[in-house]
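Listed below are the residues making up each chain.
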Amino acid sequence: MSKRGVLVISHGSREQAWVNLVDDAIHQLPLRGDIPVAASFLEIVEGRLIQDGIDQLESQGVTDILVIPLFVSSGSTHVNEIAYALGVIDAPSFDSDLSPFRVNARICYGSPIEQGPYVTEMIWDKIKSVSRNPAQEALVLIGHGSSYDSFRQRWEQGLSQLAEKVRRLGGLVACDYALLRPDNVRAKVEYWQKERGMQVIAAPLFLSAGYFTREVIPKRLEGLNYLYSGMPLLPHPLLPLWIDQQVQSWLKVGK
């Protein structure tokens, strides 16, 4: 007899507050029925790594696992290497050192955040507190990016689409995107500010607050005139609904 369970995987952090934000979102899941859920981390959080999550679910008799990669973009190399280590794909698309996991359950691999519903609303909710005059403001949505061309292209495609959706929702006059890898953040903000004469809203697209949102982005924009909330996606009440949407779609399959 089959039994379903859910494994939510995010990166992990040395900051306990970062971990708590992920846990809080998962605890708010509006799941119905007896569905075991485990939250695991790619690295750093000892005792709660991906293998720990798999073992936890399988010890409860779970035979089918929906894995939700709680990463912002399909351009994240982590989304790709985790798929490989779970046996979802035959090989990673880059030289990963992540070893295959021990897993007996059947794996269904979900989608990263950029591909789900509610994301546009979450981003705008984090931005609107600093917006002053949308008709004169340009959004620059900032993501981590990648040094691998194929992954960078996925980042660019995803951020471009999201930026346009947020622009329409907020009534902003223009939108763009920028990446930390390779670094074009300052150049993009300067373009809209100095060449186009617009007030720029620089918005980080990161799951939780941390080094990149608090230090890296402000440092790269030092000396420029821009609006910046610095707020990541978490916490937000729609993030649990984003997870639940994937879970409910999966549960309907095979009924």
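Residues numbered from 1 in each chain as written. Predicted model: local features only at pLDDT ≥ 70, side-chain atom pairs only at ≥ 80, totals over all residues. Heavy atoms only, no water.

## Structural notes on the pairing of strand 5 (residues 137–145)
When you tally the buried positions in strand 5, you get 8 out of 9 residues, the bulk of the element. Pairing between strand 5 and strand 7 (residues 199–204): 6 bridges, direction parallel. By the bridge assignment for strand 7, Ala138 is matched with Val200. As paired strands, strand 5 and strand 6 (residues 174–181) are joined by 7 bridges and run parallel to one another. (Buried < 20%, exposed > 50% of the residue type's maximum accessible area, 1.4 Å probe, protein only. Helix = DSSP H or I, 4+ residues; strand = E, 2+ residues; numbered from the N terminus. Pairing = 2+ DSSP bridges.)

## Quick notes on the sheet that holds strand 2 (residues 37–41)
Read across the sheet, 4 strands follow the order 2-1-3-4 without closing on themselves; strand pairing throughout is parallel. Sheet topology places strand 2 and strand 4 (106–109) at the edges, where each strand pairs with a single neighbour. Within the sheet, the average angular offset between the axes of one strand and its neighbour, ignoring direction, is 25°. With 5 bridges connecting them, strand 1 (residues 4–10) and strand 2 associate as parallel partners. Following the sheet pairing, Val8 is matched in strand 2 by Ala39. Strands in contact with helix 2 (residues 50–58) are strand 1, strand 2 and strand 3 (64–69); relative to strand 2, the strand with the most contacts, it is inclined by about 165°. Helix 3 (residues 77–85) contacts strand 1, strand 3 and strand 4 of the sheet and is inclined by roughly 160° relative to strand 4. (Axes fitted to C-alpha atoms, helices over the stretch in contact; angles between N-to-C directions. Contact = heavy atoms within 4.5 Å.)

## Section: the side chain of Asp23
Inspection of the secondary structure puts Asp23 in helix 1 (residues 16–27). Classification of Asp23 as buried rests on a relative accessible area of 13%. The residues touching Asp23, leaving out its near neighbours within four places in the chain, are Ala39, Phe41 and Arg48.

## Describing helix 1
Each α-helix winds once per 3.6 residues, and so residues spaced three or four apart point in a common direction. Here helix 1 spans 16 Å end to end across 12 residues, near enough to the 16 Å set by a 1.5 Å rise per residue. Along helix 1, the positions that sit buried rather than exposed are Trp18, Val19, Val22, Asp23, Ala25 and Ile26. Looking straight down helix 1, one finds its buried side chains confined to an arc of 160°; they lie on one side. Away from its buried face by more than 90 degrees, helix 1 exposes Gln16 and His27. At its buried positions, helix 1 is contacted by strand 1, strand 2 and helix 8 (238–252). (Expected span 1.5 Å × (residues − 1). Arc of directions from axis to C-beta.)

## Some remarks on the nonpolar core
Formed by 47 residues in total, the largest nonpolar core has its most connected members in Ile123, Leu239 and Ile243. In terms of residue count, helix 8 provides more of this core than any other element does, 7 residues in total. Non-local contacts of Ile243, meaning those with residues more than four positions away in its chain, are made with Val8, Ile26, Leu29 and Ile68. Membership of the second largest hydrophobic core comes to 19 residues, among which are Val189, Val200, Ala202 and Val216. (Core = buried A, V, L, I, M, F, W, Y, C linked by side-chain atoms within 4.5 Å.)

The values are spatial; any link to function lies outside them.
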